[in-house]
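# Fold and geometry: a report
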Amino acid sequence: MPYYELRPIGDKDQHDPWLERYDMNHGFVIWAECEAQARALANERCGDEGAVWNNPFLAACMELSGERAPRVIIQDYRAG
């Protein structure tokens, strides 16, 4: 079963769900059987951005494989 990375796509207009940067998700890494399942799981955990993760115009979903360049997938950081 592959991993999927979901990230916001925004055009910064007045209807962009990503304009507000608080109380919302800015990405997911999800283990799922397919892209549709990954998007559905993200929607179940949405914040103030709303259930927009199924919309390919608002959220990108990429299958992660070993063929990608080395990079950090997730970093959990709390400033204070």
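Rules used in this analysis
Residues numbered from 1 in each chain as written. Predicted model: local features only at pLDDT ≥ 70, side-chain atom pairs only at ≥ 80, totals over all residues. Heavy atoms only, no water. Helix = DSSP H or I, 4+ residues; strand = E, 2+ residues; numbered from the N terminus. Contact = heavy atoms within 4.5 Å. Areas by Shrake-Rupley, 256 points an atom, 1.4 Å probe, with all protein chains shown as cover. Polar contact = N/O pair within 3.5 Å; in protein donor to acceptor, adjacent residues only side chain to side chain. Pairing = 2+ DSSP bridges. Axes fitted to C-alpha atoms, helices over the stretch in contact; angles between N-to-C directions. Phe/Tyr/Trp six-rings, centres within 6.5 Å; stacked < 30°, edge-to-face > 60°. Core = buried A, V, L, I, M, F, W, Y, C linked by side-chain atoms within 4.5 Å. Buried < 20%, exposed > 50% of the residue type's maximum accessible area, 1.4 Å probe, protein only. Salt bridge = Lys/Arg side-chain N within 4 Å of Asp/Glu carboxyl O.

### A word on the overall build of the protein
Across its full length, the protein carries one helix and three strands. Along the protein, helices (α) and strands (β) appear in the sequence β-β-α-β when read from the amino end. In the protein, the share of contacts with a sequence separation of at least 24, taken over all contacts with a separation of at least 6, comes to 59%. As displayed, the protein offers around 5,900 Å² of accessible surface, 51% of which is attributable to carbon and sulfur atoms.

### Brief notes about the side chain of glutamate 49
Checked against the element boundaries, glutamate 49 lands in the loop between helix 1 (35–44) and strand 3 (59–64). Side chain to side chain, glutamate 49 and asparagine 25 meet in a polar contact 3.0 Å long. Among the polar contacts made by the side chain of glutamate 49, one reaches the side chain of tryptophan 53 at a distance of 3.0 Å. In this structure glutamate 49 touches Pro17, Trp18, Asp23, Met24 and Asn25, once residues within four positions along its chain are discounted.

### So, the sheet that holds strand 2 (residues 28–31)
The strand order across the open sheet built from three strands is 2-1-3, with neighbouring strands paired in antiparallel fashion. With partners counted over all chains shown, the strands left at the sheet margins are strand 2 and strand 3, one partner each. When strand polarity is set aside, the average angle formed by the axes of neighbouring strands in this sheet is 25°. The pairing of strand 1 (residues 3–8) with strand 3 spans six bridges and is antiparallel. Bridging from a neighbouring strand, glutamate 5 pairs with methionine 62 of strand 3.

### Points about the packing of aromatic side chains
Within a pair of aromatic rings, the relevant descriptors are the distance that separates the centres and the angle that separates the planes. Using the criterion set out here, one finds two aromatic pairs in the structure. Aromatic pair tyrosine 3 and tryptophan 31: ring centres 6.0 Å apart, planes at 20°, arrangement stacked. Residue tyrosine 3 is located in strand 1, and its partner tryptophan 31 is located in strand 2; the two are separated by 28 residues in the primary sequence.

### Considerations on the nonpolar core
Of all hydrophobic cores here, the largest spans 13 residues; its most connected members are Tyr4, Leu6, Phe28, Ile30, Ala38, Ala42 and Trp53. When residues of this core are traced back to their parent elements, those giving at least two are strand 1, strand 2, helix 1 and strand 3. Aside from chain neighbours lying at most four places away, what touches alanine 42 is Leu6, Phe28, Ile30 and Trp53.

### Describing the pattern of salt bridges
Applying the stated criterion to the full structure yields three salt bridges. Taking the shortest distance from any N to any O, the salt bridge between arginine 45 and glutamate 44 comes out at 3.4 Å.

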